[in-house]
Amino acid sequence: MSTDIQKKAIPYLLILPSFALIALFVVYPILNSVIRSFRHPDTGTFTLANYLYFFTDPIQLSNIGYTVFVTVTTVLLTLLFAYPFSIYLRFSNSRLSRWIYGLNLLPRFVPGLVAVYAVMLVINDAGVINRIGRIFGLNIQMGLLHNAKSIIIMNLWFNIPFATLIITAALFGLKASVIESARDIGASKLTIFTKIILPLSYKDALIAVTFVFMSNIGSFTTPYLVGGNAPKMLGIALFDQFNSYMAYERAAALSFIMFLICSISSFIYIYVNLKESKWEQR
Amino acid sequence: MKNSVKILCVLLVVSALLMGCASNGAEDGKKTVTIWSYGSDNVKTTFEKLANAFNKSEHGKKYQMKVEFISSGSNAQSLLDRTIAAKKAGKKNTDYDLIEVSDAELAAYQSEGGDDFFQKLDTSKMPNAKNVKAKLSTGQDILMPYRGTTVVLAYDSAKVSNPPKTADELYQWIKDHKGKFAYNSPSTGGAGGSFVTTSVYNQLPEEALVSSDEKWSKEWTPGFKLLKALHPYFYQSGGKTVYPNKNQGTLDLLANQQIEMTPAWVDQVVNEINSGILPKSIKMVQMDPAFTGNLASLAIPKIGGNKDGAYAVMDFMISKEAQTILLDEMGAFPVIDSSDIKSDNTKMISKFDVSTFRTSSIGVLGQELLKKWDEEIATLK
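Analysis parameters
- Residues numbered from 1 in each chain as written.
- Chains lettered and ligands numbered in written order.
- Predicted model: local features only at pLDDT ≥ 70, side-chain atom pairs only at ≥ 80, totals over all residues.
- Heavy atoms only, no water.
- Helix = DSSP H or I, 4+ residues; strand = E, 2+ residues; numbered from the N terminus.
- Rg over C-alpha atoms; globule rule 2.2 N^0.38 Å.
- Buried < 20%, exposed > 50% of the residue type's maximum accessible area, 1.4 Å probe, protein only.
- Contact = heavy atoms within 4.5 Å.
- Areas by Shrake-Rupley, 256 points an atom, 1.4 Å probe, with all protein chains shown as cover.
- Lys, Arg positive; Asp, Glu negative; His and termini not counted.
- Charge placed at Lys NZ, Arg CZ, Asp CG, Glu CD.
- Buried area = accessible area lost by both parts, 1.4 Å probe.
- Salt bridge = Lys/Arg side-chain N within 4 Å of Asp/Glu carboxyl O.
- Polar contact = N/O pair within 3.5 Å; in protein donor to acceptor, adjacent residues only side chain to side chain.
- Nonpolar A, V, L, I, M, F, W, Y, C, P; charged D, E, K, R; others polar.
- Expected span 1.5 Å × (residues − 1).
- Axes fitted to C-alpha atoms, helices over the stretch in contact; angles between N-to-C directions.
- Parallel < 35°, antiparallel > 145°, perpendicular 65-115°, else oblique.
- Left-handed = near helix turned anticlockwise from the far one by under 90°.
- Patch = residues over 30% accessible without salt bridge, like charges linked within 9 Å, V, L, I, M, F, W, Y side chains within 5 Å.
- Domains from an automatic or database assignment.

Visitor: So, the overall build of chain A: which residues are in play, and what are the values?
Guide: Along the backbone of chain A there are 12 helices and 0 strands. Ordered by position from N to C terminus, the α and β elements of chain A give α-α-α-α-α-α-α-α-α-α-α-α. Taking 19 Å as the expected radius of gyration for a compact globule of 282 residues, we find that chain A reaches 24 Å, considerably beyond that expectation. Its C-alpha atoms put chain A at 85 × 75 × 35 Å along the principal axes. Within chain A, buried positions represent 41% of all 282 residues. Summarising the internal contacts of chain A: among those between residues at least 6 apart in sequence, 67% fall at separations of at least 24. Summing over all exposed atoms, chain A offers an accessible surface of approximately 16300 Å²; the carbon and sulfur share of this is 72%. Distance between charge centroids for chain A: 8 Å, based on 21 positive and 11 negative side chains.

Visitor: So what's going on with the interface of chain B and chain A? Residues and values would help.
Guide: Put simply, an interface is often sized by how much accessible area is lost when its parts join up. Tallying the contact residues gives 31 residues for chain B and 28 residues for chain A. Contact between chain B and chain A buries roughly 2500 Å² in total, counting both sides, with carbon and sulfur atoms accounting for 55%. Scanning the region where chain B abuts chain A turns up 1 salt bridge. Ionic pairing is found between Lys 232 of chain A and Asp 374 of chain B, a salt bridge with its closest N-O pair at 3.7 Å. Counting across the interface, chain B meets chain A through 4 residue pairs in polar contact (both at pLDDT 80 or more). Every element with two or more residues in the side of chain B that touches chain A is listed here: helix H1 (2–19), strand S5 (236–237) and helix H13 (365–376) of chain B. For the side of chain B that touches chain A, the per-class residue count stands at 11 nonpolar, 15 polar and 5 charged.

Visitor: Could you give an account of helix H6 (residues 190–201) of chain B, with specific residues and numbers?
Guide: For an α-helix, the turn length of 3.6 residues means that residues three or four places apart are oriented alike. Residues and elements named next belong to chain B. In this model H6 runs 15 Å from its N-terminal to its C-terminal C-alpha over 12 residues, within 8% of the 16 Å that 1.5 Å per residue would give. Within H6, 11 of the 12 residues are buried, which leaves it mostly tucked inside the rest of the structure. All buried positions along H6 are accounted for by Ala 191, Gly 192, Gly 193, Ser 194, Phe 195, Val 196, Thr 197, Thr 198, Ser 199, Val 200 and Tyr 201. The inward-facing, buried residues of H6 abut strand S4 (144–156), helix H5 (167–176), helix H7 (221–230), helix H8 (246–255), strand S7 (261–265) and H13.

Visitor: Go over the packing of H8 of chain B against helix H9 (residues 266–274) of chain B, please, and point to the residues and values.
Guide: Residue and element names in this part refer to chain B. Packing of H8 against H9 leaves a shortest axis separation of 12 Å and a crossing angle of 50 degrees. Put simply, H8 runs oblique to H9. You can see that H8 and H9 cross each other, and the crossing is right-handed. Here H8 contributes Asn 247, Gln 248 and Leu 251 to the contact with H9, which in turn contributes Gln 268, Val 269 and Glu 272.

Visitor: Tell me about a nonpolar patch on the surface, and please be specific about residues and values.
Guide: Residue and element names in this part refer to chain A. Taken together, the side chains of Leu 21, Ile 22, Leu 24, Phe 25, Val 26, Val 27, Ile 30, Leu 31, Phe 259 and Leu 260 make up a nonpolar region of the molecular surface, amounting to roughly 910 Å² of accessible area. Breaking the nonpolar patch down by element, the ones donating at least two residues are helix H1 (3–37) and helix H12 (248–274). A per-element tally of the nonpolar patch places H1 first, with 8 residues. For Phe 259, the location among the structural elements is in helix H12.

Visitor: I'd like a rundown of the domain arrangement of chain B, residues and numbers included.
Guide: All names here are of chain B. Partitioning chain B into structural domains gives domain 1 (31–147 + 295–342) and domain 2 (149–293 + 361–376). Between domain 1 and domain 2, the C-alpha centre-to-centre distance is 29 Å. Residue-level contacts link 10 residues of domain 1 with 9 residues of domain 2. Regarding the contact of domain 1 and domain 2, the summed buried area is about 670 Å², with carbon and sulfur atoms giving 54% of it. Looking at the side of domain 1 facing domain 2, the largest losses of area belong to Met 330, Gly 331 and Phe 333, adding up to 46% of the total buried there. Our count for the domain 1 to domain 2 interface comes out at 1 residue pair in polar contact (both at pLDDT 80 or more). Of the residues that constitute the side of domain 1 that touches domain 2, the class distribution is 4 nonpolar, 3 polar and 3 charged.

Here it is in structure tokens:
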């Protein structure tokens, strides 16, 4: 056996198991459902009807709009909270900020279902807030559950710590000496932010955003437990198609539509990752 | 040369990882009987208890009962898919010795797997069969009911002293007590499903409830009118009527006193009163005409490899011993006379009679009903 061939073969052998797993459990099911989404449920012939249904039926259209609305709101609010929060965690040396940084990891260890029930317990119309209010003779019913508000609140619960983690990690990679030297030559705080911190961290913020976007488009548990009856997030609409109506072809079409919506953000992710800033090219 | 040894090691590890290990044979020469069921976790633990009891019983000297369980969430549909696929692949002597089939599913099995998919039951092989009181609406010669449950009206007796007794009284009560009644969205749980089904089918001849004939779907309008008329009187949150998801959704509202009444499964209420999730003040009452119930049944597919063992397990499942376990563990209705079964749960269920269960079997119309509800009721402002 020549060692040359061995050297070339070993890397392929090593990636073979993971490649086979991806082909079997990711590529094959996706292809399978794409093919199925173009099939007529009864005759099996080629049709676009499964897709047309989702873009013409008023209920499904409002589901798609609702999902995009909830997801985009979640993404914007997450960024709004997480970015300043990360800057605080990075540049404050107080003991409080160390504590918060530690606490920020905690939600990662709480199972999603538990978190949803915990929040429901607090904000429902007879929940903790209402009960505390009753002690003071107030009947506080916020009506937060079973609509978009509760889904967004829950999404923020999950995503702010997550986005903060990514952005803070990026900010810690920023050398303190760079900022100090800028300060030495008289740069204002605003200048330091716009000229140094922002350009060096926006990429990671965008990456966090794409992750948040993708994980919320198809979310199921949160909208299932706290969402309303109509309109529905697409994850629930998909569940209805295959579980309640047993319309497998439409379910396949909807999954592909969700896949397409997600790929917009994966495109951004890949683009940002490949794009080099001007000063990095050399 | 050393390198090729390394490669060999890598290959060995990889293949060991990929192969996994699956082999099981019967112990000590006993023939294994595999029983397939599905549902939530309490069903699973009950089945494991039943298997232990069976293996210790007289039958256990000849047969070893083994439980294969498909947890809900992984989609119970797959038991149907799996057995049909096995039959279509021409397999015989499979381990589908005994499977759980509801009367509503029977039609699907027969249309996909053929009318002769199941063994016709030979009651002479089951001495306990003569004690079974529960009556199925379809498939009497194929299915053996082994436990029942039904939807009833659960109410908080601390707030409601005089609960409605007929469906019309219930509809009137809902209108008189705005926001104090809720049912869960029907596609997410059978309790709300039963409320919707009965609200629609109470307006139709009784025969419609056991027919999958398309013509009945044209008669649904008065029922849906009723549901629409009641819509503003149901439980509200944030100024909007809300139909919580899942059977548990409305029971949670009942537990924290946001509502006073809800349709609920008897076994679920019994279990939750016992475990303290629901307060002791929750009581149950059946309507006239009743909410629909369900008889869970077992059937023997012809592709099963151990017919005699399957009969033995089936016979055991309708014995007093197994029925007591089912009542204790799950609050399930015994299918035999419950008066001589000793269980703490007997008192709670004694007023409901398993032989008068109202069952629905509307086949594919069930999916259409859910869809119509999603389109017309869920979207109401």
